[in-house]
Amino acid sequence: MNQLAQFLAYCAKVFALPKIVRTIQDSRPYPVIPTQCVFLSLLLGAIIRADSYLSIAQQTKRRSWQRLIHWSDPISDDTLCYVSERLKLEPLRQALVSVNKQLKHNKALESCKIKGLLLASLDANEPFHSRSRCCPFCCKRELQITDSKGRKQTVIEYYHRYVFAQINGPKLNIVLDLEPILPGEGESEAALRLLGRMRRTYGPRFFDGITVDSWYVQGPFLKAVEKLGWLWVVVLKQERMEVFQEARALSAGQAPTEQFEDTVRERSVKLWEVRELNFSKAYGYGRKVGVVHSQEQWIQTNVVGGKRVSSPQTSNWWWMFCIQLEGMGPRVIYEAGHWRWGIENKAFNELTQFYALGHCYHHHLRAMVAQMLILMLGFVLFNAYALLHSQPVRLGQVSLKELAQDLNLALEHAAWWELWFESG
Ligand SMILES: [Zn+2]
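Residues numbered from 1 in each chain as written. Predicted model: local features only at pLDDT ≥ 70, side-chain atom pairs only at ≥ 80, totals over all residues. Heavy atoms only, no water.

Enquirer: Describe in detail the coordination of the zinc ion, supporting the description with residues and values.
Expert: Protein-derived ligands of the zinc ion are Cys-135 (SG), Cys-138 (SG), His-160 (NE2) and His-363 (NE2), with the metal-ligand distances lying across 2.0 to 2.3 Å. Because the angles between the four donor atoms bound to the zinc ion fall within 104 to 126°, the donor set is best described as tetrahedral. In the primary structure, the donors to the zinc ion are separated according to the pattern C-x2-C-x21-H-x202-H. Of the two residues, His-160 sits in strand β3 (residues 152-167) while His-363 sits in the loop between α12 (346-354) and α13 (365-389), which places them 203 residues apart along the sequence. (Donors = N, O, S within 2.8 Å, 3.2 Å for Na, K, Ca; no water. Tetrahedral: all angles 85-135°; square planar, octahedral: opposite > 155°, others 65-115°. Helix = DSSP H or I, 4+ residues; strand = E, 2+ residues; numbered from the N terminus.)

Structural data, given as structure tokens:
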């Protein structure tokens, strides 16, 4: 069997992909091309890493592509734009939820756990910005630029920001969901909408807690996370905060609670854990919290003037965590804080680098969210196949990029493509 047929067979067997495809809907009043055919083109486009609707439209001219998606004409990029504006987001999200739940059920997320805890990381990212194109949901900022004649000018830049929820591990990285940050609102408002929805779609026990950046050090946000039933670890950067100062005063001059060599991040680590701190009432959080301080040392070697120069480096990290995590030991907080593997945002970075997440396929609020959900679905399916199933990838004989190319080329092979995704 060729690579693409193997991939589709895997997705059908493990994730019931043909069934998922049939759940996707859009709101066109008079559809000419069935939703399934358009959705399959977008999903296959994501898997073979086509980076625009124009390039997916080109793909739909291939005979084998048409047989696979059950539509015997090319689909124009205008149609892809038109349909993407009308795709219903709930079934797309459910598709991603169902694939991720299956992965968890099949124990594929075990290696992402830290001492038995599965933590999701939430982070705000801005995949694209523009100085010329805008829509009613663009966020705006003023930028000072210097033009070619050296004159300073103020220009307006338009951008879209999203909060992404992902689970990272040494082997597999998955994306759970995303939520746009609308103009005039903060990250934590969008993050709470995202968490509220994930509690409904994934259920409260899919993961145990969240790790977030210092943007989210806000009492009402953290209280809401607890109410939703999740533990939390947050990066603490604001030195002026009472809890930071108290933790620093209480740990100064004390022996570290734990020290070890982190072989993955290549650092000597000393950890201090301070418990039962007051997180300032001014921040709207009346309960006690814990803080872990990490002092990390390593030798950095740089080449200066053709010579290798080694210099010792130190970095300090502080994390605040909910009281329920006390007793787990400071190492758990350290690993959670660094997303365990020292690779922050791994899923998001791969999506941007290889899946054109940073490209604006069509500048329209719903179309952008729909396209990103499809990219995330393609990303998770492809990675599951490559990293959990494909022998050549696991043996290091084929890279992920080569595998994506193989899937694309496989469409040229004679195969019973029309047997996939039969309706009914
Ligand atoms: Zn916009």
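Enquirer: Tell me about the layout of surface pockets, residues and numbers included.
Expert: Computed from the structure, the largest pocket encloses a volume of approximately 180 Å³. Lining the largest pocket are Ile-48, Arg-49, Asp-51, Thr-352, Gln-353, Phe-354, Tyr-355, Ala-356, Lys-401, Ala-404, Gln-405 and Asn-408. For the lining of the largest pocket, the element with the most residues is helix α15 (residues 400-410), which contributes four residues. Among the residues forming the lining of the largest pocket, the class breakdown is five nonpolar, four polar and three charged. (1 Å grid on protein atoms, 1.4 Å probe; cavity = no way out; pocket = protein on both sides within 12 Å on 5 of 7 lines; lining within 4 Å. Points joined across faces, edges and corners; volume = space filled by probe spheres on them. Nonpolar A, V, L, I, M, F, W, Y, C, P; charged D, E, K, R; others polar.)

Enquirer: Explain the packing of helix α1 (residues 3-15) against α15 to me, and be specific about the residues and the numbers.
Expert: Where α1 meets α15, the axes come as close as 7 Å, and the angle between the chain directions of the two elements is 105°. In terms of orientation, α1 and α15 fall into the roughly perpendicular class. Packed against α1, whose contacting residues are Gln-3, Leu-4 and Phe-7, the element α15 presents Leu-403, Asp-406, Leu-407 and Ala-410 at the interface. Taken together, the residues that form the contact of α1 with α15 break down as five nonpolar, one polar and one charged. (Axes fitted to C-alpha atoms, helices over the stretch in contact; angles between N-to-C directions. Parallel < 35°, antiparallel > 145°, perpendicular 65-115°, else oblique. Contact = heavy atoms within 4.5 Å.)

Enquirer: Now, about the nonpolar core: what can you tell me, with residues and values included?
Expert: Residues Leu-176, Phe-207, Trp-232 and Met-320 are the most contacted members of the largest nonpolar core, which totals 144 residues. Per-element accounting of this core gives the leading share, 16 residues, to α13. Looking at which domains feed residues into this core, each of domain 1 (3-104 + 364-419) and domain 2 (107-350) gives three or more. Once residues lying within four places of it in the same chain are set aside, the contact partners of Leu-176 are Leu-96, Asn-100, Ala-120, Ala-165, Gln-166, Ile-167, Met-198, Tyr-202, Phe-206 and Phe-207. (Core = buried A, V, L, I, M, F, W, Y, C linked by side-chain atoms within 4.5 Å. Buried < 20%, exposed > 50% of the residue type's maximum accessible area, 1.4 Å probe, protein only. Domains from an automatic or database assignment.)

Enquirer: Explain empty space enclosed by the protein to me, using residue names and the numbers behind them.
Expert: Per the counting criterion, the structure on display carries three cavities of 30 Å³ or more. Space inside the second largest cavity adds up to approximately 50 Å³. Taken together, Phe-128, Ala-356, Leu-357, His-359, Cys-360, Tyr-361, His-362, Ala-367, Met-368, Gln-371, Met-372 and Leu-375 make up the full set of residues lining the second largest cavity. At five residues, the largest contribution of residues to the lining of the second largest cavity is made by α13. Taken together, the residues of the lining of the second largest cavity break down into nine nonpolar, three polar and no charged.

Enquirer: How would you summarise the packing of helix α7 (residues 89-105) against α13 if you had to cite specific residues and measurements?
Expert: Interhelical geometry of α7 versus α13 gives an angle of 20° and a closest axis separation of 10 Å. Relative to α13, the element α7 lies roughly parallel. The way α7 lies across α13 gives a crossing that is left-handed. Facing Leu-89, Leu-92, Arg-93, Ala-95, Leu-96, Val-99, Asn-100 and Leu-103 of α7, the residues of α13 in contact are Arg-366, Val-369, Ala-370, Leu-373, Ile-374, Met-376, Leu-377, Val-380, Leu-381, Ala-384 and Leu-388. Classifying every residue of the contact of α7 with α13 by side-chain character gives 16 nonpolar, one polar and two charged. (Left-handed = near helix turned anticlockwise from the far one by under 90°.)

Enquirer: Tell me what's going on with helix α10 (residues 242-251), and back it up with residues and numbers.
Expert: Buried within α10 we find Val-243, Phe-244, Ala-247 and Ser-251. Buried residues of α10 fall within an arc of 105° about the axis and therefore sit on the same side. Phi turns positive, to about 75°, at Gly-253, one or two residues after α10. (Arc of directions from axis to C-beta.)

Enquirer: I'd like to hear about the side chain of Arg-161, residue by residue, with values.
Expert: Within the fold, Arg-161 resides in strand β3. Accessibility expressed as a relative area gives 19% for Arg-161, which makes it buried. At 2.4 Å, the side chain of Arg-161 forms a polar contact with the side chain of Glu-187. Residues within four places of Arg-161 in sequence aside, it is in contact with Ala-124, Asn-125, Glu-126, Glu-179, Pro-180, Ile-181 and Glu-187. (Polar contact = N/O pair within 3.5 Å; in protein donor to acceptor, adjacent residues only side chain to side chain.)

Enquirer: Could you give an account of the domain arrangement of the protein, with specific residues and numbers?
Expert: Along its sequence, the protein is organised into domain 1 (3-104 + 364-419) and domain 2 (107-350). Computed from C-alpha coordinates alone, the two centres of domain 1 and domain 2 are separated by 32 Å. The partner domain 2 presents 29 residues to the 21 residues of domain 1 that form the contact. Interface area, domain 1 with domain 2, both sides summed: about 2,300 Å², of which 70% is carbon and sulfur. Where domain 1 meets domain 2, there are three salt bridges. Among the ionic pairs, Glu-179 bridges to Arg-93, the shortest N-O distance being 3.9 Å. (Buried area = accessible area lost by both parts, 1.4 Å probe. Salt bridge = Lys/Arg side-chain N within 4 Å of Asp/Glu carboxyl O.)

Enquirer: I'd like a rundown of the side chain of Arg-265, residues and numbers included.
Expert: Here Arg-265 is to be found in the loop between β7 (258-262) and β8 (267-278). Owing to a relative accessible area of 16%, Arg-265 belongs among the buried residues under this scheme. A polar contact of 3.0 Å, which involves the side chain of Arg-265, links it to the side chain of Tyr-334.

Enquirer: Now, about the pairing of strand β6 (residues 231-235): what can you tell me, with residues and values included?
Expert: With five of its five residues buried, β6 lies for the most part within the structure. Neither face of β6 is left uncovered, since the one carrying Leu-231, Val-233 and Val-235 and the one carrying Trp-232 and Val-234 both have all their residues buried. Sheet topology places strand β5 (residues 209-212) next to β6; four bridges connect them, and they run parallel. Looking across to β6, one finds that Thr-211 is bridged to Val-233. In the classification by handedness, the crossover that spans β5, the intervening helix α9 (residues 219-227) and the parallel β6 is right-handed. Two strands pair when backbone bridges link them, and β6 and strand β10 (residues 307-322) are joined in this way by three bridges, in the antiparallel orientation. Bridge assignment links Val-233 to a residue of β10, and that residue is Phe-321. (Pairing = 2+ DSSP bridges. Right-handed = clockwise from strand over helix to strand, strands pointing away.)

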